[in-house]
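# Geometric and topological summary
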Amino acid sequence: MSSPLGLVILGRQGSGKGTQAVRLAERFGVVHISTGDMLRAAVNEGTELGLAAKALMDAGELVGDEIMNGIVAERLAKPDVVAGGYLLDGFPRTEAQAKAFNEFAGASFDLALNLDVPVAEVTRRMLDRGRDDDTAEAIARRLELYEAETAPLLALFASEDKLAVVDGLGSPDEVFDRLVAAVESR
Ligand code: AMP
């Protein structure tokens, strides 16, 4: 019996990562786990986590590693994920998260997909989508943090031979086909 698929999707905010992640998870029958969606749900429900996360999210800052590691470790241990596999969207985002991820999920992890879209293009797209936390300042800060905190993970995954870089420019269908091909040829 082959073990379920464990995938991570990386990409700058505004790369189309969230939309592609939903389609990809459906295509491969794995559970889509978006840490941004989980945090937004917590904010809407007014939970303790939501209250703590809201100001950071609005400012484009990152929520603390320990909180994020706890949330994701807990989610990955649920039966639907254990049985069906996962596509992580928005995590890991820092080296500390990648290290923790390797400890609690290293054995189940198969491939990281980097959806590559240049900074100028993602900035244009994010200003267009007009989400609540998409102020110009927050967008700039998220991009800065992506380069500083998340981009180094690409080298890490590459060194484990678990990175596929996918060109994120083009129509959503073209990009989706590239992502599917990258997973299938892993
Ligand atoms: P996203 O929907 O992935 O763009 O996430 C929205 C916001 O949630 C981010 O700007 C962060 O404030 C927070 N967030 C989501 N995932 C993480 C993570 N893995 N680590 C830290 N903060 C996160």
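The coordinates are above.
Residues numbered from 1 in each chain as written. Predicted model: local features only at pLDDT ≥ 70, side-chain atom pairs only at ≥ 80, totals over all residues. Heavy atoms only, no water.

## What to know about the overall build of the chain
The secondary structure content of the chain amounts to 10 helices and 5 strands. Against the globule reference of 16 Å for 186 residues, the chain gives a C-alpha radius of gyration of 16 Å, in line with a compact fold. Its C-alpha atoms give the chain principal-axis dimensions of about 45 × 40 × 30 Å. Surface summary for the chain: the accessible area is close to 9,200 Å², and the carbon and sulfur share equals 54%. Where the 19 positive side-chain charges of the chain centre and where its 31 negative ones centre are 2 Å apart. (Helix = DSSP H or I, 4+ residues; strand = E, 2+ residues; numbered from the N terminus. Rg over C-alpha atoms; globule rule 2.2 N^0.38 Å. Areas by Shrake-Rupley, 256 points an atom, 1.4 Å probe, with all protein chains shown as cover. Lys, Arg positive; Asp, Glu negative; His and termini not counted. Charge placed at Lys NZ, Arg CZ, Asp CG, Glu CD.)

## Points about the site of the ligand
In the neighbourhood of the ligand, 16 residues make up the surrounding shell, with Thr 35, Arg 40, Glu 61, Gly 90 and Gln 97 lying closest. In this structure, an oxygen atom belonging to the ligand sits 2.6 Å away from a main-chain N or O atom of Glu 61. In the environment of the ligand, an oxygen atom lies 3.2 Å from a nitrogen or oxygen atom belonging to the side chain of Arg 142. Taking 480 Å² as the accessible area of the ligand by itself, protein coverage stands at 96%. Top contributing element to the shell around the ligand by residue count: helix α2 (residues 35-45), with 4 residues. For the shell around the ligand, the per-class residue count stands at 6 nonpolar, 5 polar and 5 charged. (Near = heavy atom within 4 Å. Polar contact = N/O pair within 3.5 Å; in protein donor to acceptor, adjacent residues only side chain to side chain. Nonpolar A, V, L, I, M, F, W, Y, C, P; charged D, E, K, R; others polar.)

## Digging into the pairing of strand β3 (residues 86-89)
Where burial is concerned, the two faces of β3 agree: the one with Tyr 86 and Leu 88 and the one with Leu 87 and Asp 89 are both buried. Two strands pair when backbone bridges link them, and strand β1 (residues 6-10) and β3 are joined in this way by 4 bridges, in the parallel orientation. Bridge assignment links Gly 6 to a residue of β3, and that residue is Tyr 86. As paired elements, strand β2 (residues 31-34) and β3 share 4 bridges and run parallel to each other. Residue pairing for β3: His 32 is matched across the bridge by Leu 87. (Buried < 20%, exposed > 50% of the residue type's maximum accessible area, 1.4 Å probe, protein only. Pairing = 2+ DSSP bridges.)

## Comments concerning the pairing of strand β4 (residues 111-116)
Burial runs high along β4: 5 of the 6 residues are buried. Where β1 meets β4, 4 bridges bridge the pair, whose relative direction is parallel. Each bridged residue has a counterpart across the sheet, and for Ile 9 the counterpart in β4 is Leu 113. Two elements, β4 and strand β5 (residues 163-167), share 5 bridges in a ladder whose sense is parallel. Note that in β5 the partner of Ala 112 across the bridge is Leu 163.

## Here's the deal with the sheet that holds β5
With respect to topology, 5 strands assemble into an open sheet ordered β2-β3-β1-β4-β5, the strand pairing being parallel. Sheet topology places β2 and β5 at the edges, where each strand pairs with a single neighbour. Taking the axes of each pair of neighbouring strands and ignoring which way they run, one obtains an average angle of 20° across the sheet. Docked against the sheet, helix α1 (residues 17-28) engages β1, β2, β3 and β4, running at close to 175° with respect to β3. (Axes fitted to C-alpha atoms, helices over the stretch in contact; angles between N-to-C directions. Contact = heavy atoms within 4.5 Å.)

## Points about the side chain of Lys 17
Here Lys 17 shows up in helix α1. A polar contact is formed between the side chain of Lys 17 and the side chain of Asp 89, at a distance of 2.8 Å. Discounting chain neighbours no more than four positions away, the residues touching Lys 17 are Ile 9, Leu 10, Gly 11, Asp 89, Gly 90 and Leu 115.

## Regarding helix α10 (residues 172-184)
Between its first and last C-alpha atoms α10 spans 18 Å; for 13 residues at 1.5 Å apiece the expected length is 18 Å, and the two agree. Of the positions making up α10, those classed as buried are Val 175, Phe 176, Leu 179, Val 180, Ala 182 and Val 183. Along the axis of α10, the buried residues cluster in a sector spanning 160°; they form a single face. Buried positions along α10 lie against β1, α1, β4 and β5. (Expected span 1.5 Å × (residues − 1). Arc of directions from axis to C-beta.)

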